[in-house]
Amino acid sequence: MTDTADRVENSVQTLEGVIIRFAGDSGDGMQLTGDRFTSASAIAGNDLVTLPEFPAEIRAPQGTLAGVSAFQIHISDHNIHTPGDEPDVLVAMNPAALKSELNRLKSGGTIILNTDAFDMRNLEKCGYQMDPREDGSLDGYIVHEVPMTKLTVDATADLDVKKRDAERSKNFFALGLVSWMYDRPLQPTFDWIEEKFGKNPAVVASNNAAFKAGHAFGETAEMFGDQYQVASAPQKPGTYTNITGNVATAWGMVAAGQLSKLPVFLGSYPITPASDILHELSNHKNFGVRTFQAEDEIAGAGSALGAAFGGHLAYTTTSGPGVSLKGETISLAAMIELPLVIIDIQRGGPSTGLPTKTEASDLFLALYGRHGESPMPVVAAYSPSNCFHMAIEASRLALKYRTPVILLTDGYLANGAEPWLLPDVSTLPDISVDFATTFNDTDANGEPVFYPYKRDPETMARPWAIPGTPGLEHRVGGLEKADITGNVNYDPANHGLMTELRQAKLDGIAKDIPGAMVNSDGDADVLLIGWGSTHGSITAAVEQLRKEGTPATHVHLTHLSPLHPDLGELVQGYQHVIVPELNKGQLVKIIRSEFLIDAKPLSKVMGLPFTAREIIAAVNQATSGASSNGAAQNGAN
Amino acid sequence: MTDVALDPTKRGYWTSDQEVRWCPGCGDYGILAAMQFLYTELDDVKKENTVFVSGIGCAARFPYYMSTYGMHSIHGRAPAIATGLAVARPDLDVWVVGGDGDMLSIGGNHLIHALRRNVNIKILLFNNQIYGLTKGQYSPTSEVGKVTKSTPMGSIDAPFSPVSLAAGAGATFVARTHDLDRKHMIDVFRRAHEHKGAALVEIYQNCNVFNDGAFDAITKRDARAEMMIDLVHGEPIKFGAERQRGVMMDNGAARCVDIADVGEDALLVHDEHTTNPSVTFSLGQLAMDRRSPTPFGVFRAVDAPEYAAAVGDQLLAANDQKGPGNLEALLRSGATWDVV
Ligand code: SF4
């Protein structure tokens, strides 16, 4: 080092990937910081998976453990499937964040602390008796102590902003610092700051200054020796965007409207974690999309059913408790055989449970949670971007078969993000349907008539005659319908017949859905069966197992009712069949009863996705002959 | 087809082929007839553009008997379902039919929200002050002390006045009629039909099986003069065989008075268009027992923006601002990058 004494000559190291966890108080803007880092990484061409985790309280008491909000991102130069088991780097904006997140960090990992927040009051608020920086509890980690608040205030000193306001930009300082460490492009963040805060120039200036200062600090401070690069991942050519599950779901609904040539109607009531779909969709009224924020969950479903009767492509979005409330309406839709798509963004239950945490425990609710024999298709998305396609698929089934359809996603998919190779719009399926416009039979006197329950011989769907169509006036309702005529009918034999017909219509859909997703490399003794958001964890586990010499097959379900037509064959011939689920074992019971195989559950209900390691451990345990308690290793049961 | 089935000026045109299954003597028959006769008189309506949506209860069978489109839905939910239909299809005439249990008990929430939003739906509330279909329990409009199967020692619940409730919810059209006067019903239904926005019409309906004669003291022919208060827009509210009685506002509450005591000038001049809902509320409070003079007719008919029209305006505005939706462009609306 010569004449640039104040400048450290940093070398650049290349990493295959890195897992970073941003954590701070709910008011510290950690979700935004993670989100910006995600966008910059996506633009840098990395593959990435994110896991936002935030408290249910809007503002839990400041500085407490309950108020910690975290955002984990896994970036890589190759194809990855999970947000990563253990973070390499923890950015902790206050003592509470350090305390609540430290146990996740891998041993020897890097900690970046905002030392300005480490005063007695904040330490006490989260129950530290002693300053963890001094009592040896951080031994073995690489710790970088950075006075982020002070440096942010210094950086904005020349600007016309109050100190309190300037302090609020400290998350951009952290972002700048980490952006330097991992050599992220800066311009996308400047652009975003301008777009987001452009109306308030003082905030733009302050955030920009903090962001630059953080970056410069990394470059000049001696504490950060090396800079790291994560190369772009080899990806299929095309145009990519970064997408969360909820946005993908909303876009899928817009797309389904275009593909069916029907106006879209969403009846919804705010509920975490589904509300973002309502927000997103309400921005697309120029597609003719009507969004209706109803007075309650029941009216959300009811208004949608009314719109469906009127010929709209109708949706209602919610989470578990809302599905319970909508049950009666969903059953009416089953009885009157109209298209209605119910989207359940699952969260931890029962009751209010863990509103901001993920779980996949509504499968039985979706399949069976209604009075009477009320069968209907149930489908599930397996990744954030897949929500787009499954929203279209749910709509296709609803429209073609005139039936309510339940689409399951979950909090992890809803808020998690991934790069998405944009589909060629012209390859999306045509899901248009014809309304009935003419009589479809003749009565006993030879007069032409319209019979609203005379079914299409192939799909068994009944005709959809919408108000405004002359001559086809008819009445539908919740009372049992006579076959063909649709008149009210209490005859026992007719009720038996109609129950069979409704079931047969559902069963027939199996002919019209794709096979299950299979990831197999030939001879394996182990079969992992998954559905929904466990796809990434299972895929990562299977890749690792193969490297370790344990071949395993992964079968993943997107259609839960009816089941994929090839599933019965796919599950045969394995010594060990394990079904990892973020519930107490729901799909596994269906697999066992449908196919009479000795499938074993692997359950986790902790509000978090599986780590790959938990699945690998369960497989190793099974193959080594040790008895499995059917629970993930880290205490879930 | 018979000629009747082709002639919209004949009641038969508006009558479905389904056998009507209310108890013989039920007030519902008269209401159905009034609606069918109204349709023979209206010239801006078509069978295919008319939809009746109902909940559950005796009254809720109504859609099956009209030859229009219809949906017999879920207990209490008809206003919500009709709201979705009316927002999706502002071209339709949407009617909602339900009883006092359906609308005010299990469906109370949907009723008040439909009214406050001013969705273009016309709600017929058949008030018989009893649960008929479930065979005789007290309802949210039953009087205190009512002895029913579920209240052997008398009901202790204070009843709702549907008119006052609607006023409190900000309803833009509120009216009351009764099942014994077809002409009055037709007139009130017509006014509801003409109103742009949500309309609530309370219909006193006799359930001759479980609550027979509930309104006899008011609506029987020989009682009407002294007990029915005719609301006429722009006129002082007077009633009685000699028009000797009237209604005045007294400390914010409506009160029946002898004109001789207070003088004509003290009477309330009925104004359907007043935006202040408290007058409607007070008039609604006049009928809280079975023996008091009771106002009938249109309480309130106020101009206000209709909900579905406002929804439509926003769609047009979005189209103007952003241009028609383009899926390709939507998918590229966030930050994108190309991999070659
Ligand atoms: S029970 Fe009462 S309301 Fe119901 S149909 Fe019979 S008379 Fe009419």
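All values derive from a computational prediction rather than experimental measurement. (Residues numbered from 1 in each chain as written. Chains lettered and ligands numbered in written order. Predicted model: local features only at pLDDT ≥ 70, side-chain atom pairs only at ≥ 80, totals over all residues.)

**Some words on the overall build of chain A**
Then, number 1: Regarding its fold elements, chain A presents 20 helices and 25 strands.
Then, number 2: Burial status across chain A gives 54% buried among its 637 residues.
Then, number 3: By sequence separation, contacts in chain A at least 24 residues apart represent 75% of the contacts at least 6 residues apart. (Helix = DSSP H or I, 4+ residues; strand = E, 2+ residues; numbered from the N terminus. Buried ≥ 20, exposed ≤ 12 C-beta atoms within 10 Å, placed from the backbone. Contact = placed C-beta atoms within 7 Å.)

**What about the interface of chain A and chain B?**
Then, number 1: Counting residues at the interface gives 58 residues for chain A and 52 residues for chain B.
Then, number 2: Looking at the side of chain A that touches chain B, the elements that each hand over two or more residues are helix H1 (30–43), strand E9 (238–244), helix H9 (245–260), strand E10 (264–268), strand E11 (290–293), helix H11 (297–309), helix H12 (320–336) and strand E19 (475–477) of chain A.
Then, number 3: The biggest single contributor to the side of chain A that touches chain B is H11 of chain A, with 9 residues.
Then, number 4: Looking at the side of chain A that touches chain B residue by residue, the classes come out as 25 nonpolar, 24 polar and 9 charged.
Then, number 5: Here E19 of chain A pairs with strand E2 (residues 69–72) of chain B via 3 bridges, running parallel. Counted as the bridge partner of Val476 of chain A is Met71 of chain B from E2 of chain B. (Nonpolar A, V, L, I, M, F, W, Y, C, P; charged D, E, K, R; others polar. Pairing = 2+ DSSP bridges.)

**Overview of the site of the ligand**
Then, number 1: As a matter of local geometry, the ligand sits amid Trp22, Cys23, Cys26, Asp28, Cys58, Asn128, Gly132, Cys207, Asn208, Val209 and Phe210 of chain B.
Then, number 2: A class-by-class count of the residues in the shell around the ligand yields 7 nonpolar, 3 polar and 1 charged. (Near = placed C-beta within 6 Å.)

**Let's talk about helix H14 (residues 386–401) of chain A**
Then, number 1: The end-to-end C-alpha separation of H14 of chain A is 22 Å, in line with the 22 Å expected for 16 residues at 1.5 Å each.
Then, number 2: The first or second residue beyond H14 of chain A is Arg402 of chain A, which carries a positive phi of 50°. (Expected span 1.5 Å × (residues − 1).)

**Quick notes on the nonpolar core**
Then, number 1: In terms of nonpolar packing, the biggest core is built from 266 residues, with Val91 and Leu305 of chain A together with Leu85 and Val201 of chain B touching the most fellow members.
Then, number 2: The element contributing the most residues to this core is H14 of chain A, with 10 residues.
Then, number 3: When near neighbours in sequence (up to four residues on either side) are disregarded, Val91 of chain A contacts Ile20, Phe22, Ala23, Ile112, Ala174 and Val178 of chain A.
Then, number 4: One finds Phe450, Tyr451, Tyr453 and Leu472 of chain A within the second-largest nonpolar core, a separate group that totals 6 residues. (Core = buried A, V, L, I, M, F, W, Y, C linked by C-beta atoms within 7 Å.)

**Some remarks on the sheet that holds E2 of chain B**
Then, number 1: The 9 strands lie next to each other as E19(A)-E2(B)-E1(B)-E3(B)-E4(B)-E6(B)-E5(B)-E11(B)-E7(B), forming an open sheet whose pairing is mixed. Among the strands making up the open sheet, the edge pair consists of E19 of chain A together with strand E7 (228–230) of chain B. Averaged over all adjacent pairs, the angle separating strand axes in this sheet is 20°, with direction ignored.
Then, number 2: Sitting on the sheet, helix H3 (residues 78–88) of chain B touches strand E1 (50–54), E2, strand E3 (93–99) and strand E4 (121–127) of chain B, and the angle it makes with E3 of chain B is about 175°. (Axes fitted to C-alpha atoms, helices over the stretch in contact; angles between N-to-C directions.)

**Focus on the domain arrangement of chain A**
All names here are of chain A.
Then, number 1: As far as domains go, chain A holds domain 1 (12–230), domain 2 (241–426), domain 3 (434–511) and domain 4 (517–623).
Then, number 2: Each of domain 2 and domain 3 has a C-alpha centre, and these two points are 26 Å apart.
Then, number 3: Between domain 2 and domain 3, the residue contacts involve 16 residues of the former and 16 residues of the latter.
Then, number 4: Elements with a contribution of two residues or more to the side of domain 2 that touches domain 3: H12 and H14. (Domains from an automatic or database assignment.)

**Comments concerning the packing of helix H4 (residues 148–155) of chain A against helix H6 (residues 170–181) of chain A**
All names here are of chain A.
Then, number 1: Interaxial distance between H4 and H6 falls to 9 Å at its minimum, and their mutual angle equals 100°. Overall, the two elements H4 and H6 adopt an arrangement that is roughly perpendicular. Here Met148, Thr149, Leu151 and Thr152 of H4 come into contact with H6, specifically with Lys170, Phe173 and Ala174.
Then, number 2: Classifying every residue of the contact of H4 with H6 by side-chain character gives 4 nonpolar, 2 polar and 1 charged. (Parallel < 35°, antiparallel > 145°, perpendicular 65-115°, else oblique.)

**Considerations on the pairing of strand E9 (residues 245–250) of chain B**
Residue and element names in this part refer to chain B.
Then, number 1: For strand E8 (residues 238–239) and E9, the ladder comprises 2 bridges, and the chain directions are antiparallel. When the bridges of E9 are listed, Phe239 appears paired with Arg245.
Then, number 2: The antiparallel hairpin formed by E8 and E9 contains 5 residues in its connecting segment, where Gly240 sits at a positive phi of about 100°.
Then, number 3: Judged from the 6 bridges that link them, E9 and strand E10 (residues 253–258) form a sheet pairing that is antiparallel. Its bridge partner being in E10, Met248 is matched across the sheet by Arg255.
Then, number 4: What sits between the antiparallel neighbours E9 and E10 is a turn of 2 residues, in which Asn251 has the positive phi angle 55°.

**With respect to the environment of Gly84 of chain B**
Then, number 1: In this structure, Gly84 of chain B sits in helix H3.
Then, number 2: A tally of 32 C-beta atoms within 10 Å means that Gly84 of chain B is categorised as buried.
Then, number 3: Setting aside anything within four residues of it in sequence, one finds Gly84 of chain B in contact with Phe265, Gly267, Phe292, Gly302, Ser303, Ala304, Leu305, Gly306 and Ala307 of chain A.

**So, the confidence of the model for chain A**
Residue and element names in this part refer to chain A.
Then, number 1: Mean pLDDT for chain A: 94, with 97% of residues reaching 70 or above.
Then, number 2: Throughout residues 1–8 the model reports pLDDT below 50, and contacts reaching past four residues in sequence, or to other chains, amount to 5 contacts.
Then, number 3: For the stretch residues 627–637, pLDDT sits under 50, and the model shows 24 contacts to residues farther than four places along the chain or on other chains. (pLDDT = per-residue confidence, 0-100.)

**Here we look at the sheet that holds strand E7 (residues 142–146) of chain A**
All names here are of chain A.
Then, number 1: Strands sit in the order E3-E4-E2-E5-E6-E7 across an open sheet of 6 strands; the sheet is mixed. With one partner strand each, in any of the chains shown, strand E3 (47–53) and E7 form the two edges of the open sheet. Averaged over all neighbouring strand pairs, the angle between strand axes comes to 15°, with direction disregarded.
Then, number 2: For strand E5 (residues 89–92) and strand E6 (residues 110–114), the ladder comprises 4 bridges, and the chain directions are parallel. Paired with Val89 across the bridge in E6 is Thr110.
Then, number 3: Its contacts with the sheet place H1 against strand E2 (17–25), E3 and strand E4 (68–76), and it is angled at close to 10° to E4.

**Regarding the confidence of the model for chain B**
Then, number 1: In the predicted model, chain B carries a mean pLDDT of 95, and 99% of its residues have values of at least 70.
Then, number 2: Two numbers describe this predicted complex: its pTM, 0.93, and its ipTM, 0.97.

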